[in-house]
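# An overview of the molecular structure
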Amino acid sequence: MTHKGAGEGRELTAETLARVEGEGAMRVVVTDGEVSEVQLRIYEPPRFFEAMLRGRGHTEPPDLTSRICGICPVAYEMSACRAIEDACGVSIPEDIGLMRRLLYCGEWIESHTLHVYLLHAPDFLGYPGAVEMAADHRDVVERGLRLKKAGNALMTLVGGRAVHPVNVRVGGFYRLPTGAELRALRPQLERALDDALATVSLAAGFDFPDFEQDHEYVSLRSERDYPIEDGSFVTSSGRDFAVSAFGDWVAEEQVPHSHALHARLRDTPGPYAVGPLARYSLNHDRLPPTAREAAYAAGLGTTCRNPFRSIVVRAVELVVACEEALRIIDGWSDGGAPSVPVPPRAGVGHGATEAPRGTLYHRYELAPDGTVLDAQIVPPTSQNQAGIESDLRGFVQDRLHLDTEELTRQCEQAIRNYDPCISCATHFLELTVEEG
Amino acid sequence: MGADAARPTLAVWKFASCDGCQLTVLNCEDELLELAEEVEIAYFPEATRAVVAGPYDLSLVEGSVTTADDAVRIRQVRQSSRRLVTIGACATAGGIQALRNFADVAEFRAAVYAQPEYVETLATSTPIAAHVPVDFELRGCPIDRVQLLEVVAAFLQRRRPRITAESVCVECKRRGNVCVTVAHGTPCLGPVTHAGCGALCPSYDRGCYGCFGPADTTNTRSLSGRLTELGMPERDLHRVFRTFNAAAPAFAEESARHAPHGEEAS
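Because the structure is predicted, anything quoted here is derived from the model rather than measured.

### Focus on the interface of chain B and chain A
Chain B puts 49 residues into the contact, and the matching count from chain A is 54 residues. For the side of chain B that touches chain A, the secondary structure elements donating two or more residues are α1 (20-26), α2 (32-38), α5 (105-112), α9 (200-203) and α11 (234-240) of chain B. Considering every element that reaches the side of chain B that touches chain A, the biggest residue donor is α1 of chain B, with five residues. Of the residues contributing to the side of chain B that touches chain A, the split by class is 28 nonpolar, nine polar and 12 charged.

### Details of the environment of aspartate 216 of chain B
Topologically, aspartate 216 of chain B is positioned in the loop between α9 and α10 (220-229). Distance in space between the C-alpha atoms of aspartate 216 of chain B and glutamate 150 of chain B is 20 Å, their sequence separation being 66 residues.

### Things to note about the packing of helix α11 (residues 289-297) of chain A against helix α12 (residues 310-331) of chain A
Residues and elements named next belong to chain A. Orientation of α11 relative to α12, taken along the N-to-C sense of each, is 165°, at an axis distance of 8 Å. When the axes of α11 and α12 are compared, the pair comes out roughly antiparallel. Regarding α11 and α12, the two cross each other, and that crossing is right-handed. Contacts between α11 and α12 involve Thr290, Ala291, Ala294 and Ala295 on the former and, on the latter, Val316, Val319, Val320 and Glu323. Residues that form the contact of α11 with α12 fall into these classes: six nonpolar, one polar and one charged.

### Notes on the sheet that holds strand β3 (residues 34-42) of chain A
Backbone-to-backbone hydrogen bonds join strands into a sheet, with any given pair of strands oriented parallel or antiparallel. All names here are of chain A. Pairing is antiparallel across the open sheet formed by three strands, whose spatial order is β1-β2-β3. Every other strand in the sheet has two partners, leaving β1 (10-14) and β3 as the edge strands with one partner each. Going across the sheet, the axis of each strand differs from the next one's by a mean of 10°, ignoring polarity. Along the sheet face, helix α13 (residues 380-397) touches β2 (24-31) and β3 and points at about 145° away from the line of β3. In the packing of helix α14 (residues 404-416) onto the sheet, contacts are made with β1, β2 and β3, and the angle to β1 comes to roughly 50°.

### With respect to helix α3 (residues 68-79) of chain B
For α3 of chain B, spanning 12 residues, the distance from its first C-alpha to its last is 18 Å, which sits close to the expected 16 Å at 1.5 Å a residue. On its buried side, α3 of chain B packs onto β1 (9-14), β3 (56-62) and β4 (81-87) of chain B.

### Let's talk about the domain arrangement of chain B
Residue and element names in this part refer to chain B. For chain B, the domain assignment lists domain 1 (2-156) and domain 2 (168-257). By residue number, the principal contributor to the side of domain 1 that touches domain 2 is helix α4 (residues 89-93), which donates three residues. In terms of residue class, the side of domain 1 that touches domain 2 is built from six nonpolar, six polar and two charged.

### Some words on unusual backbone geometry
Cis rather than trans, the peptide bond between glycine 54 of chain B and proline 55 of chain B has omega equal to 0°. Omega for the peptide link from cysteine 141 of chain B to proline 142 of chain B comes to 5°, which places this bond in the cis form. Relative to the assigned elements, proline 142 of chain B resides in the loop between β5 (136-138) and α6 (145-156). A positive phi angle, near 45°, is found at aspartate 419 of chain A, a position not held by glycine. Positioned with a positive phi, arginine 158 of chain B is a non-glycine residue whose angle comes to about 55°.

Each value, and the rule that gives it
- The residue numbering used here restarts from 1 in each chain and proceeds along that chain's sequence as written.
- Each chain is given a letter, starting from A, and each ligand a number, starting from 1, according to the order in which they appear as written.
- Per-residue local features are limited, in this predicted model, to residues with pLDDT of at least 70; the limit for side-chain atom pairs, both in listing and counting, is 80 or more; totals at the level of whole chains, interfaces and linings are taken over all residues.
- Distance between backbone-placed C-beta atoms decides contact: two residues are in contact if it is within 7 Å.
- Strands here are runs of E lasting at least two residues and helices are runs of H or I lasting at least four, both read from the DSSP assignment and numbered beginning at the N terminus.
- Residue classes follow a fixed rule: Ala, Val, Leu, Ile, Met, Phe, Trp, Tyr, Cys and Pro count as nonpolar, while Asp, Glu, Lys and Arg count as charged, and any other residue, Gly among them, counts as polar.
- The axes are straight lines fitted to the C-alpha atoms, using for helices just the contacting stretch, and the angles between their N-to-C directions are given from 0 to 180°.
- For classification, angles of less than 35 degrees are called roughly parallel, those exceeding 145 degrees roughly antiparallel, those between 65 and 115 degrees roughly perpendicular, and all remaining angles oblique.
- Crossing handedness is read from the near helix: turned anticlockwise from the far helix by less than a right angle, it gives a left-handed crossing, and turned clockwise, a right-handed one.
- At least two DSSP bridges between two strands are required for those strands to pair.
- Every helix has an expected span of 1.5 Å times one less than the residues it contains.
- Each domain's extent is set by a domain assignment, obtained either automatically or from a database.

See the structure below:
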């Protein structure tokens, strides 16, 4: 380890962030022993989804917005459906809601496993990637691939395929899987639950830097269950607000170094965070029993403030998703209609669900014939961007004694704590220029 | 040849896209570790920090070209690749972001960003083949995992991939599905859409929505006539051909035939 003089200027850069979804870069500048500049630069080219949605039919946003992200397409489909149904004044029956939750569990398993095993674990075990890691930890990587495959199998049965599922529509599904088809997945999901529990043990054994942040946590919270496809907003300082009030609470700002807009809470000066740490800390009492035991055994308290421990919380959420999937399958009875009609009407609708990496908000304004007049999409990574930069600032400041290569590597690890999805974050928002 | 003469090198590149097609590489859960023994994964930022210098024996390219920088970068990728295969609708037809090709991009940018001058973008989203020669184009939004493995296997065995250009209808018949259009009057793009998905949507009681783009020979005009008979209004005919493969010529032309009054019909 090389000791560098605190008085000199230093620059830490990663031109292409590896093991994240999408294209981003990092730049940290140290001047006279102080971190003077921190940028998570999102240079991935924008695709202008909000503009493309204008003029489309009200049945189209689930299919169109799923193409924002190949890793969490179900999140886009679910938030879009909820927003359109809200605009049209339609409530969906309980069984369709459960099937949506089941599909979403598949995505949580697939996406969280991808991040835990293929993107983040190599940082903790000291490898450039999972394939290299497999040379020494073949059983670990094979377990990850098996768990990921179980998530994809669930998405494939319920959604038709693992990337951009075809079976979701406004109002429900095109075809509901039968109880027999669902029960056939049970052995694979039981194995997945065991693998998820082993993942919690694995992650709990990693070494974590001594680091905490005090970002305001924001998450959905529902009446009864751990928040996935349903709920209204709560925050760590005790505020709560309806999904329809999102725009009153959150403002978005454009910054020169990023194609993603930064989101902030209007009444809070510091950054806020969405994602596993926020969800867990605000919904610890909603964990299903096996997940709660696993969290306790892993040494997690009722809240978690160390972003490096997010890998443990993600593993606990893998247990949640497997446990919930088995519960829904066991309780499933055939016979319900796959969808309800959603006739168009003029109006504004809001939808928010918990994507694997945090809350995803959609808002649509519809004409009387259902034509989309206006669309707004706020993905989780844009909400976390300011928090990531804030973490880097504090983290680097306390570790200036490390040599540049090692510090850069640790900074990349700190960014991966948030599982940033840059493809999502880039394809941003309808920006309203206003000061509230 | 790449750094390791014993194994061919593989590179995976990303342009404007959703990451779903390169995720399909990682979704080969049963084959990934074996694949990594057959080829050296030399450049794949989504999977590893390690980078082996080019040139590369096989490059898989995801995404479309939407910036001036990317138009330069794809030429560099081509120069450093012995074989270049595009994966998915973005790389092969411009993707959903090619909807900008039919609109005023300055207006698009201003609609999304308050300070559009910070955002660098081209007026069009174009496929990789519009910029450099491409050895093989794999269709789909997203690509099919089994087809991807076939393309890589064919490369390793030095043969053409066994991937046919028939329509979804052929796959649907082979699968034994009841035709959703004939039986239920459901509008379906299967007759004009490139095969590869295994007739997924009709298997879920849904009409095909064209995510693999046009088949090699299509009669989109005839299909539009049938969709009109089924009650689809002009507005929806315009939209249905204008999604993830909007800029593929057969779909672009058919969509333009049903353009609302005032939009240029080409």
